[in-house]
Amino acid sequence: MSKPQGSNVKERAKSALKDEFLIDAVKFTTEKLKNGKKAATAEHGNWEEWRERGRQIRLHTIAHLDYYLSQFIENARAQGVHVHFAPEAKDAARIAMEIAKHKGAKSVVKSKSMVSEEVHINEAFEELGIESIESDLGEYIIQLANEPPSHIIIPAIHKNRYQIAELLSKEAGETLPPETKILAGFARRKLRDKFLEADIGLTGCNFGIAETGSVVIFENEGNARMVSTVPKTQITLMGMERLIPSWDDLEVMATLLPRSATGQKLTVYMSGITGPRREQDGDGPEEMHIIIVDNGRSLQLGDPDFQELLNCIRCGACLNACPVYRHIGGHSYPGTYSGPIGAVLTPALNKNTQEWHDIANASSLCGACYEACPVKIPLHDMLVYLRNRKVERGFTATGEKMAMKGFKLLMGNHKRFRQAVKAGQLGQKLLVRDGYIRSQIGPLGGWTANRYIPALPKRSFREQWAGMSSEVDKSMKPMTGEMKSRMEEIVKARGKGGHHG
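The following paragraphs examine the structure supplied in this document. Everything numeric in this text was worked out from a predicted model, so none of it was measured.

## A few points about the pattern of salt bridges
Here is step 1 of the chain: The final tally for this structure, using the stated rule, is 21 salt bridges.
Here is step 2 of the chain: The salt bridge partner of Glu 98 is Arg 94, with a shortest N-O separation of 3.2 Å. Taken together, the residues span about one helical turn, with Glu 98 and Arg 94 both in helix α5 (residues 89–103) at a distance of four residues.
Here is step 3 of the chain: Salt-bridge contacts for Arg 297 lead to Glu 241; the nearest nitrogen and oxygen are separated by 2.8 Å. Here the residue Arg 297 occupies a position in the loop between β10 (287–293) and α13 (317–321), and Glu 241 occupies one in the loop between β7 (233–239) and β8 (243–244), the gap between them amounting to 56 residues. Glu 241 matches Arg 297 in its accessibility class, with the two residues each being buried.
Here is step 4 of the chain: Beyond isolated ion pairs, a larger network of salt bridges with shared partners links Glu 52, Arg 55, Glu 308 and Lys 376.

So this is what it looks like as structure tokens:
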């Protein structure tokens, strides 16, 4: 299986739809995650109340983000943390490289971090000749394949054990059988040495706790705990919106995130890190840096259409629910983030209006993403807002403009509409087979390439109604009489002080 090819979403989607393994692999895994979430939330009992609690925490935090950022930075520095602010992705990479150069680092071991993917930190270290190794198994696999992640929480969702065995065999210098235990065992042995040798450990951050300046990391493999305890220097990359006010608020997030992401009641490892190692600590880094990344996030603050985008807790539930993502996979999207959240987040972070036409149309607007989101982000509405802004800024294709004008002309006059329906009923006769249109002709091709169009009925509803209305009137008359008599009885009874339920 190869990565979908093409210069835009439509071309990459067409490429992906030809890859049966990709479709089956993504569908199988997302279905498993989706069902796991469904079972875990049903067992929880009052899931909707907790969703609303989560939403309110995120709304409050983002509305007062300046206050909580200041509080977090002050408390983190009080714990001995070096806090840096990166306005753009290139600034985050530069700061990390300066720390590495200052430390004379030769190697960096990483835990899974979408922000590190966003700022292309591996490429930055590579420019300095510093080895940067992913320690999450999924991230390690796609690093060997030289591919970006195709899912927020399961980076290698698009690969099977035979492909993974081939990649790890090249790394091992010997043929490894496609057995999960053996493959995981090799990766574990290989990475254990990297943990011990690394000069710097680099992590992401699920949540920053403003009241103590702590960072919290959720994981299932234990690699983030190794990364944050063994190397002498730790760097944490944190999106500026990842804050919550207190540890009490973490209880809500620790309930929502794992259930939404994988269907787990609790994540296997949840690490809270408050500053570097102290004298009485048995392990931990001697020096800790937190790089707070903006990279377009502040552009959403105060925007009535997109501020709620910053509420995202990166659980990936919207990807698992999205019928588009489930068919085309993550590599069909152009940025670091895929699925519904990526379709909104990528153009929002980049402030790229031209790109909106490409990504925002990769959606059915079914609202499944909103139903899946643990903090109730209205992504389906945001996709409509993106399309609207695309039109307002003049990035609509000529063919689409003409089609919309024709639609307006047609729907604005009932006579023209009826004439068009009759013309369609006649014109479709050459295309209809067994009640469906299957031909890929002109504008129809985009639809009929993967599904059929039901044929127009021989008689429209309006035409049928003319004959049905008289029958309906006849059938309603006895009912009308009965209802009238019943109402008269009720009025009389109430006039006498009686009561009818």
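Structure's up, so let's keep going.
## Observations regarding a positive patch on the surface
Here is step 1 of the chain: Judged by side-chain charge, Lys 415, Arg 418, Lys 422 and Arg 462 come together as a positively charged surface patch.
Here is step 2 of the chain: In terms of residue count, helix α20 (residues 414–427) provides more of the positive patch than any other element does, three residues in total.
Here is step 3 of the chain: With respect to the helices and strands, the residue Lys 415 is situated in helix α20.
Here is step 4 of the chain: The exposure class of Lys 415 is exposed, given its relative accessible area of 55%.

## Some remarks on helix α18 (residues 379–392)
Here is step 1 of the chain: Here α18 spans 20 Å end to end across 14 residues, near enough to the 20 Å set by a 1.5 Å rise per residue.
Here is step 2 of the chain: The set of residues buried in α18 consists of Leu 379, Met 382, Leu 383, Leu 386, Arg 389 and Lys 390. Seen end-on, α18 carries its buried residues on one side only, within an arc spanning 120°.
Here is step 3 of the chain: Residue Gly 394 follows α18 closely and has a positive phi angle near 80°.

## Remarks on the nonpolar core
Among soluble globular proteins, nonpolar side chains are generally buried collectively.
Here is step 1 of the chain: Within the largest apolar cluster, 79 residues are counted, with the highest numbers of intra-cluster contacts made by Phe 207, Ile 291, Ile 341 and Leu 379.
Here is step 2 of the chain: Aside from chain neighbours lying at most four places away, what touches Leu 379 is Leu 309, Cys 318, Pro 340, Ile 341, Val 344 and Cys 369.
Here is step 3 of the chain: In terms of nonpolar packing, the next biggest core, distinct from the first, is built from 21 residues, Leu 69, Ala 210, Met 240 and Met 288 among them.

## A word on the environment of Lys 232
Here is step 1 of the chain: With respect to the helices, strands and loops of the structure, Lys 232 is situated in the loop between α11 (223–227) and β7.
Here is step 2 of the chain: A residue is classified by how much of its surface remains accessible, and Lys 232, at 55% relative accessible area, is exposed.
Here is step 3 of the chain: Taking the C-alpha atoms as reference points, Lys 232 and Gly 201, separated by 31 residues in sequence, lie 7.8 Å from one another.
Here is step 4 of the chain: Every residue in contact with Lys 232, bar those within four places of it in the chain, is listed here: Asp 199, Pro 285, Glu 286 and Glu 287.

## Digging into the sheet that holds strand β3 (residues 131–134)
Here is step 1 of the chain: Here we have six strands laid out as an open sheet, ordered β1-β10-β7-β4-β2-β3, and parallel in their pairing. Both edges of this open sheet fall to β1 (82–86) and β3, since each of them pairs with a single strand only. When the angles between neighbouring strand axes are averaged without regard to direction, this sheet yields 20°.
Here is step 2 of the chain: One ladder, built from three bridges, connects strand β2 (residues 107–110) with strand β4 (residues 200–203); its direction is parallel. Residue pairing across strands places Lys 110 opposite Leu 202, the latter belonging to β4.
Here is step 3 of the chain: Contacting β1, β7 and β10, helix α4 (residues 65–78) crosses the sheet at an angle of about 170° to β10.

## Examining unusual backbone geometry
Here is step 1 of the chain: With phi around 60°, Arg 314 is a residue other than glycine that occupies positive phi space.
Here is step 2 of the chain: Residue placement: Arg 314 occurs in the loop between β10 and α13.
Here is step 3 of the chain: Judged by its relative accessible area of 10%, Arg 314 is buried.
Here is step 4 of the chain: You will see that Asp 434, though not glycine, has its phi angle at about 55°, which is positive.

## Observations regarding the environment of Gly 263
Here is step 1 of the chain: Following the sequence through the fold, Gly 263 ends up in the loop between α12 (247–261) and β9 (269–273).
Here is step 2 of the chain: For Gly 263, a relative accessible area of 22% gives the class partly exposed.
Here is step 3 of the chain: Expressed as a C-alpha distance, the spacing of Gly 263 and Asn 146, which sit 117 residues apart in the sequence, is 29 Å.
Here is step 4 of the chain: When sequence neighbours within four positions are dropped, the list of residues in contact with Gly 263 reads Gly 36, Lys 37, Ala 40 and Pro 258.

## A few points about the packing of aromatic side chains
Geometrically, a pair of aromatic rings is defined through the distance of the ring centres and the angle of the planes.
Here is step 1 of the chain: Tallied over the entire structure, the rule returns five aromatic pairs.
Here is step 2 of the chain: With a centroid separation of 6.3 Å and 90° between ring planes, the pair formed by Phe 306 and Tyr 385 is classed as edge-to-face. On the criterion of sequence distance, the pair formed by Phe 306 in the loop between β10 and α13 and Tyr 385 in helix α18 is long-range, its members being 79 residues apart.
Here is step 3 of the chain: Overall, Phe 306 belongs to the buried group, its relative accessible area being 3%.
Here is step 4 of the chain: Both rings, one in Tyr 436 and one in Tyr 452, keep their centres 6.1 Å apart while their planes meet at 50°; by these two values the pair is tilted. One end of the pair, Tyr 436, is in strand β12 (residues 436–437); the other, Tyr 452, is in the loop between α21 (445–448) and β13 (453–454), with 16 residues separating them in the sequence.
Here is step 5 of the chain: For Tyr 452, a relative accessible area of 45% gives the class partly exposed.

## With respect to the packing of helix α19 (residues 398–411) against α20
How two helices pack is summed up by the angle between their axes together with the distance between the axes.
Here is step 1 of the chain: Interhelical geometry of α19 versus α20 gives an angle of 110° and a closest axis separation of 6 Å. Taken together, the axes of α19 and α20 lie roughly perpendicular to each other. Contacts from Leu 409, Leu 410 and Met 411 of α19 reach α20 at Arg 416, Phe 417 and Ala 420.
Here is step 2 of the chain: Class assignment of the residues belonging to the contact of α19 with α20 gives a composition of five nonpolar, no polar and one charged.

Thresholds applied
Residues numbered from 1 in each chain as written. Predicted model: local features only at pLDDT ≥ 70, side-chain atom pairs only at ≥ 80, totals over all residues. Heavy atoms only, no water. Salt bridge = Lys/Arg side-chain N within 4 Å of Asp/Glu carboxyl O. Helix = DSSP H or I, 4+ residues; strand = E, 2+ residues; numbered from the N terminus. Buried < 20%, exposed > 50% of the residue type's maximum accessible area, 1.4 Å probe, protein only. Patch = residues over 30% accessible without salt bridge, like charges linked within 9 Å, V, L, I, M, F, W, Y side chains within 5 Å. Areas by Shrake-Rupley, 256 points an atom, 1.4 Å probe, with all protein chains shown as cover. Lys, Arg positive; Asp, Glu negative; His and termini not counted. Charge placed at Lys NZ, Arg CZ, Asp CG, Glu CD. Expected span 1.5 Å × (residues − 1). Arc of directions from axis to C-beta. Core = buried A, V, L, I, M, F, W, Y, C linked by side-chain atoms within 4.5 Å. Contact = heavy atoms within 4.5 Å. Pairing = 2+ DSSP bridges. Axes fitted to C-alpha atoms, helices over the stretch in contact; angles between N-to-C directions. Phe/Tyr/Trp six-rings, centres within 6.5 Å; stacked < 30°, edge-to-face > 60°. Parallel < 35°, antiparallel > 145°, perpendicular 65-115°, else oblique. Nonpolar A, V, L, I, M, F, W, Y, C, P; charged D, E, K, R; others polar.

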